[in-house]
Amino acid sequence: MFRYILKRSSPFRGAGLILVTFGIVLIVKGLYYSNTHMRSYDVVQKNVSNLLLGDINIRAQTNYTSSTTIRQERHDPILPVCEIDHKALKGREQITLTSQSLISLESMFPESHVGGRFQPKGCKPKSRIAIIIPFRDREIHLKIYLSNVIPKLRRQNADFTIYVVEQAPGSHFNRGMMRNVGFVEASKIADYDCFIFNDVDSIFEDDRNIFRCGRDNSVRHLVTGVDVFDYKLKYSILVGGIIAFTPAQFRKVNGYSNFYFDWGAEDDDIYYRTERENMVIERPEKNSTIGFMSTLKHTRDPEAQYRFNILHSRTNETSHNDGVNSLKYTVKMVSHKKLFTWIYVSVDEDEVLKGLDIRIRRKIAAYRAKTKKT
Ligand code: UDH
Ligand code: MN
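One numbering rule holds for all chains: residues counted from 1, following each sequence as written. Written order decides the labels, with chains lettered from A and ligands numbered from 1. Where local features are concerned, this predicted model is filtered to residues with pLDDT of at least 70; where side-chain atom pairs are given and counted, the filter is 80 or more; whole-chain, interface and lining totals use all residues. Hydrogens and waters are ignored; side-chain quantities use all the structure's heavy atoms.

Bringing unusual backbone geometry into the picture now. With glycine set apart, most residues show a phi of negative sign, and most peptide bonds adopt trans. The phi dihedral of N254 is positive, around 60°, even though this residue is not glycine. In this description a helix means any DSSP run of H or I spanning at least four residues, a strand means any run of E spanning at least two, and both kinds are numbered starting from the N terminus. Turning to its location among the elements, N254 is positioned in the loop between α6 (247-252) and α7 (266-276). Residue class for N254 comes out buried when judged on its relative accessible area of 5%. A positive phi angle is found at N278, which is not glycine, with a value near 55°. Here N278 shows up in the loop between α7 and β9 (280-282). Among the residues examined, N278 registers a relative accessible area of 60% and is labelled exposed. Buried means the residue's accessible area, taken with a 1.4 Å probe over protein chains only, is under 20% of the maximum for its type, while exposed means over 50%, and partly exposed covers the values in between.

Set out below in structure tokens:
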């Protein structure tokens with residue numbers, strides 16, 4: 001009897017097996033895409049950050065347009081406003097320096113939503129924050145950043161999404177420009193009311209340092225002391241590390257200058273922009289550890305001397321024509337990952353520098369000829 005059934009059903013068995021295999025393939029594929037949320041699927045292995053290659057098999061979008069990004073949902077307006085539970089905060093903590101794989105980090109924070117959004121539960125956040133990280137070739141720092149910063153911001157009951165803006169090879173690194181790109185691209189994804197620009201190697205130590213923006217003309221620099229400077233600021237107008245702008249404030253100063261390739265001066269430049277627009281820099285309470293920040297070690301890029309030529313040539317007028325409103329870049333890829341949205345951009349450095357005074361361009365060319373480093 002049994003043998004008879006087997007014999008009778010063998011063609012069906014074959015079909016069943018194919019169906020089961022097909023089902024498993026679909027489930028596995030579904031799990032994979034729910035994790036990374038890419039929209040088109042041509043595999044590109046060339047010119048892609050190790051950051052993604054190291055952990056997953058990266059799939060790239062070829063013809064990227066902003067409409068292919070995922071727009072985030074708004075909150076239910078009936079919910080009560082979120083408050084910070086100050087008793088849940090831990091105060092100043094030592095930074096953990098262990099770097100874990102992205103996959104293990106993802107499993108540490110299962111509550112994150114697509115694109116690296118974290119939302120408080122059961123309440124409506126007062127603010128919706130985009131954290132913008134300019135990035136190139138600092139994978140280990142990023143992993144250390146995520147493992148230290150996410151738990152602190154969760155305790156602050158913040159609604160935040162992390163954006164990693166990576167500059168593709170082929171041009172010198174431009175930190176100000178990556179910050180501008182983060183601002184523009186994140187704004188296409190959701191209506192953020194606070195942008196916090198955070199270097200990947202700059203980790204706030206004390207969770208009482210609330211990630212929020214200032215009001216009106218108050219730009220918030222979230223740092224009062226840096227570990228390597230004896231927990232002081234190197235100079236009083238320094239606004240590097242972590243700084244918060246509302247979209248209105250950032251547009252008013254026209255964001256960062258796009259002209260600072262190589263190391264330095266973009267922070268001083270934006271400080272002068274805020275000053276020219278009569279804005280003030282607000283910091284956490286001075287006589288406490290609240291504004292203390294740890295930095296991660298790395299070899300330092302050489303300081304480009306010509307940066308002062310750019311800095312000193314800036315006026316109200318040049319700044320109004322150089323910044324978010326003159327930004328030129330190409331988005332090569334966007335990946336809505338589990339812990340962050342990754343934006344991969346290329347920059348045509350020569351094209352950007354055409355906006356700069358010819359005398360300064362000659363100085364830059366002379367510097368490049370001398371250092372011959374790309
Ligand atoms: N960055 C990269 N890759 C690079 C260079 C810079 O990801 O190759 C990003 C990263 O987020 C980093 C930030 O840009 O943390 C700042 O660059 P850095 O860490 O090399 O610079 P540094 O530690 O601090 O010296 C930079 C502050 C600039 C202060 C200028 C004040 N005049
Ligand atoms: Mn650094």
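Linking two cysteines covalently through their sulfur atoms gives a disulfide. Throughout, a disulfide means two cysteine sulfur atoms within 2.5 Å of one another. Counted according to the given criterion, the structure contains two disulfides. In this model C82 forms its disulfide with C123; the gap between the sulfur atoms is 2.0 Å. Of note, the bridge from C82 to C123 carries an S-S torsion of about 95° and is right-handed in sense. Separated by 41 residues along the polypeptide, C82 in the loop between α2 (50-53) and α3 (102-108) and C123 in the loop between β1 (117-118) and β2 (128-135) bring together distant segments of the chain. With a relative accessible area of 7%, C82 lands in the buried category. One disulfide bridge connects C194 with C213, the sulfur atoms lying 2.2 Å from each other.

Take it as geometry only, folks, not as evidence of what the structure does.
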